[in-house]
Amino acid sequence: MPATQDGPLLDDAAGRLIRPYTVSNGRTRPTTVLDLLSLVMATGTVPQTHLGPEHSVALGLCGGPTSVAEIAAHLRLPAVVTKVLLSDLVDCGAVTAHPPAFHDMPTDRSLLEAVLDGLRRQL
C-alpha cells in the first residue's frame, strides 16, 4: 500500500488506515481549553514523552501561529481529536495555545451587505 504525502496514516486507495479515536487513545476531551480559532505555536521544546505520528505532524504544522481548525484540516482529523492531540503537546510544553483575539468593533452594516451580495453572486 503506497502511503500518501498527506500524513503517516493515510493511503491513496483506502483513505485513513486507522480510526480517529485510536489516534487519541479513545480520549474525547482535551486537557487544555481550545477553540477552533485558538492559535497554536511550537515552543522549540522537544517532548520528553513518546508521541504518536499524528502528534509529530501536528507539531510540524505549528512553526508559526496556526489555528486549531487549520491543523485539523491538514491532519484530516475531526476537530475534537485534533484538540486532544494539541492538548497533549501543550501539556508536555512543545506548543503554546492562545485564545482567538476578538476586537470590540461595531458591525458595519454596509460591509455585511457587501459580503452577502458577493455570496449571492457566487450561488
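Conventions and cut-offs
- Residues numbered from 1 in each chain as written.
- Predicted model: local features only at pLDDT ≥ 70, side-chain atom pairs only at ≥ 80, totals over all residues.
- Heavy atoms only, no water.
- Salt bridge = Lys/Arg side-chain N within 4 Å of Asp/Glu carboxyl O.
- Helix = DSSP H or I, 4+ residues; strand = E, 2+ residues; numbered from the N terminus.
- Buried < 20%, exposed > 50% of the residue type's maximum accessible area, 1.4 Å probe, protein only.
- Contact = heavy atoms within 4.5 Å.
- Pairing = 2+ DSSP bridges.

Looking up the protein chain in an unreviewed UniProt entry gives the name DUF742 domain-containing protein, with the organism given as Streptomyces poriferorum.

Draft legend 1. Focus on the pattern of salt bridges. Inspection of the entire model under this criterion finds 2 salt bridges. Where Arg109 meets Glu113, a salt bridge forms, and the shortest distance between an N and an O atom there is 2.9 Å. Residue Arg109 and its partner Glu113 are both found in helix α5 (residues 109-122); the two are separated by 4 residues, about one turn of the helix. Using a relative accessible area of 62% as the deciding quantity, one classes Arg109 as exposed.

Draft legend 2. Local environment of the side chain of Thr82. With respect to the element layout, Thr82 can be found in helix α4 (residues 79-91). Aside from chain neighbours lying at most four places away, what touches Thr82 is Val68, Ile71, Ala72, Leu75 and Leu77.

Draft legend 3. Up close: the sheet that holds strand β5 (residues 95-98). Taken in spatial order, the 3 strands line up as β4-β3-β5 in an open sheet, and their pairing is antiparallel. Taken across any chain shown, the strands that pair with only one partner, and hence form the sheet edges, are β4 (66-67) and β5. Bridge count for strand β3 (residues 39-42) against β5 is 4 bridges, and the pairing is antiparallel. By the bridge assignment for β5, Met41 is matched with Thr96.

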